[in-house]
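Residues per chain are reported as follows:
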Amino acid sequence: LQINTSGDESAQGVVQVLENDLKRSGWFKIVGKGQGTVVVTGSCAQGGGSLDLKCNVVAISKTFLNEAYREKTGNARRLAHKVADDIVYAIKKVRGMASTRIVMVGMKDGKKNVYVCDSDGARLMQITKDNVICRSPSWSPDGGTILYTSFHGGFPDVYSIDMSSYRRSRIAAFPGLNSAAAYSPDGSRIALILSKDGNPELYVMDLASKRATRLTRTRTVETSPSWSPDGNRIVYVSDAPGSPQLYVMDIKTGRSQRITFRGSENVAPDWGADGRIAYSSKRGAYHICVTSPEGGTEEPVTNDASQHEEPSWAPDSRHIVYTRTQGYRSELYILDTLGDSPVRLFSVEGDWYYPSWSAK
């Protein structure tokens, strides 16, 4: 990585974040001059309130990237993340994760609120001041809105937060439980759990009409829906077998198929962009596992004695953010499913739960 900054502090900061992003991607290792197979050269300078970065990525005789970028000086991290994602895509043809964000629930001094941070754990920001029970935040496909369940009004209702204005709107306030809302891939619908007709069941709500259509009819509890990338199926949890297990439903036909059979409990599924489903499986302790929508393979990707829960895929279909609980402390960790050791997202006082990775 050979980007000239001429000693400019802001430009040096951009290059440092870029280098960290490339390392974190898992696809690259930064080595000394003349030792690598891919050479990143260019320049970065500040002037007139802007940062200008030129980047050239070459391997042997092939040019992968030759671009010029400009951002306001205050958006130095955004610039670095953008360039990192462009390099990942140019070379590996997969979406990068550097420019994405992670939403979560944080508890400080016994008070729970929704927080957001960058994909590398930087710029942690509190976005609600409810100080009450809240859970299951999730992103809209364009990253512009967050859904979550809160007791802000005294009952478990689903709210949305516009991330440009931070204005909150109540989306679902049916009698009883309103929870676990998740946007469809096209953003026109949400899957959610409602108990308005009795026990908690899976519904899909059209956001334009606010009409909620019931999908399950059981005497048990359903929860934690997550959409397939094409929007035609939903994976969810049902305790119909006597313990929580994963099911996949075809929305058009209404047919469901159980896909997990190992582990005494299988919960918190997240359907990744590449079609794989990550979830938490109780096998002594809770472990993060990965399976296909058809089931059959239920492979654990964590192995220590801590509790590993609430996984959420990055858009690169390689990394997972999850809650790791050891003793009485819950923190967020990033797991590289291709083999690198899990890394703590950030070190901030409090307990952290329900992470959700944005698609953009």
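Side note on the overall build of the protein
Here is step 1: When you go through the protein residue by residue, the secondary structure sums to two helices and 28 strands.
Here is step 2: Whereas a compact globule of 360 residues would reach a radius of gyration of roughly 21 Å, the protein reaches 22 Å, a difference of no more than 12%.
Here is step 3: For the protein, the C-alpha atoms occupy an extent of roughly 65 × 45 × 45 Å along the three principal directions.
Here is step 4: In the protein, buried positions account for 50% of the 360 residues.
Here is step 5: Long-range pairs, those at least 24 residues apart, make up 37% of the contacts in the protein between residues at least 6 apart in sequence.
Here is step 6: By element, 46% of the accessible surface of the protein is carried by carbon and sulfur atoms, the whole surface being about 16800 Å².
Here is step 7: A gap of 2 Å separates the mean positions of the 44 positive and 39 negative side-chain charges of the protein.

Concerning the environment of Val 290
Here is step 1: Within the element layout of this structure, Val 290 appears in strand E22 (residues 285-291).
Here is step 2: Residue Val 290 is classed as buried on the basis of its relative accessible area of 9%.
Here is step 3: Sequence-wise, Val 290 and Ala 278 are twelve residues apart; in three dimensions their C-alpha atoms are separated by 4.5 Å.
Here is step 4: Contacts of Val 290, omitting those with residues within four sequence positions, involve Arg 276, Ile 277, Ala 278, Tyr 279, Thr 297, Glu 298, Glu 299, Val 301 and Trp 313.

Notes on the side chain of Thr 325
Here is step 1: Along the chain, Thr 325 falls in strand E25 (residues 319-326).
Here is step 2: Take Thr 325: its relative accessible area is 18%, and that puts it in the buried class.
Here is step 3: Among the polar contacts listed, one links the side chain of Thr 325 to the side chain of Ser 330, at a separation of 2.7 Å.
Here is step 4: Once residues lying within four places of it in the same chain are set aside, the contact partners of Thr 325 are Ser 306, Gln 307, Glu 309 and Ser 330.

Overview of the pairing of strand E13 (residues 189-194)
Here is step 1: Counting buried positions over the six residues of E13 gives five, a clear majority of the element.
Here is step 2: What sits between the antiparallel neighbours strand E12 (residues 178-183) and E13 is a turn of five residues, in which Gly 187 has the positive phi angle 75°.
Here is step 3: Alignment of E13 against strand E14 (residues 201-206), held across six bridges, turns out to be antiparallel. Within E14, the position partnered with Ile 190 by the bridge is Met 205.

Some words on the sheet that holds strand E20 (residues 265-271)
Here is step 1: The antiparallel open sheet is built from four strands, whose spatial order is E20-E21-E22-E23. Every interior strand has two partners, whereas the edge strands, E20 and strand E23 (299-300), have only one.
Here is step 2: Across two bridges, the pairing between E22 and E23 is antiparallel. Looking at E23, one finds that Cys 289 is bridged to Pro 300.

Quick word on the state of the cysteines
Each disulfide is one covalent bond, formed between the sulfur atoms of two cysteines.
Here is step 1: Inspection of every chain in the model, using the stated rule, returns zero disulfides.
Here is step 2: Take Cys 55: it sits in no disulfide, and the sulfur closest to it among the cysteines is that of Cys 44, at 10 Å.
Here is step 3: Of the cysteine sulfurs around Cys 117, a residue in no disulfide, the closest is that of Cys 134, at 15 Å.
Here is step 4: The class of Cys 117 is buried, set by a relative accessible area of 1%.

Quick notes on the sheet that holds strand E1 (residues 2-4)
Within a sheet, each strand pairs with its neighbour through backbone hydrogen bonds, oriented either parallel or antiparallel.
Here is step 1: Spatial strand order, E1-E2-E3-E4: four strands in an open sheet with mixed pairing. Only two strands of the sheet have a single partner each, and these edge strands are E1 and strand E4 (62-72). Strand-to-strand twist across the sheet, computed as the mean angle between neighbouring axes with direction ignored, equals 10°.
Here is step 2: Taken strand by strand, helix H2 (residues 76-92) contacts strand E2 (39-47), strand E3 (50-59) and E4, and its axis lies near 165° from that of E4.

Considerations on helix H1 (residues 9-24)
Here is step 1: For H1, which comprises 16 residues, the first-to-last C-alpha distance of 23 Å matches the rise-based estimate of 22 Å (1.5 Å per residue) to within 8%.
Here is step 2: Burial in H1 covers these residues: Ala 11, Val 14, Val 15, Val 17, Leu 18, Glu 19, Asp 21 and Leu 22.
Here is step 3: Between a side-chain oxygen at the N-terminus of H1 and the backbone nitrogen of Ser 10 the separation is 3.1 Å; the capping residue is Asp 8.
Here is step 4: Of the residues trailing H1, Gly 26 is marked for its positive phi of about 85°.

What to know about the packing of aromatic side chains
Aromatic ring pairs are reported here in terms of the distance separating the ring centres and the angle at which the planes meet.
Here is step 1: Applying the stated rule across the entire model yields six aromatic pairs.
Here is step 2: Taking 6.4 Å as the distance between ring centres and 35° as the angle between the ring planes, the aromatic pair formed by Tyr 322 and Tyr 333 counts as tilted. Of this pair, Tyr 322 sits in strand E25 while Tyr 333 sits in strand E26 (residues 329-336), placing them eleven residues apart in sequence. There is no split in this pair, since Tyr 322 and Tyr 333 are both buried.
Here is step 3: With 5.1 Å between their ring centres and 85° between their planes, Phe 346 and Trp 352 make a pair best called edge-to-face.
Here is step 4: For Phe 346, a relative accessible area of 10% corresponds to the buried category.
Here is step 5: We classify Trp 352 as buried; its relative accessible area is 1%.

How each quantity is defined
- Residues numbered from 1 in each chain as written.
- Predicted model: local features only at pLDDT ≥ 70, side-chain atom pairs only at ≥ 80, totals over all residues.
- Heavy atoms only, no water.
- Helix = DSSP H or I, 4+ residues; strand = E, 2+ residues; numbered from the N terminus.
- Rg over C-alpha atoms; globule rule 2.2 N^0.38 Å.
- Buried < 20%, exposed > 50% of the residue type's maximum accessible area, 1.4 Å probe, protein only.
- Contact = heavy atoms within 4.5 Å.
- Areas by Shrake-Rupley, 256 points an atom, 1.4 Å probe, with all protein chains shown as cover.
- Lys, Arg positive; Asp, Glu negative; His and termini not counted.
- Charge placed at Lys NZ, Arg CZ, Asp CG, Glu CD.
- Polar contact = N/O pair within 3.5 Å; in protein donor to acceptor, adjacent residues only side chain to side chain.
- Pairing = 2+ DSSP bridges.
- Disulfide = S-S within 2.5 Å.
- Axes fitted to C-alpha atoms, helices over the stretch in contact; angles between N-to-C directions.
- Expected span 1.5 Å × (residues − 1).
- Phe/Tyr/Trp six-rings, centres within 6.5 Å; stacked < 30°, edge-to-face > 60°.

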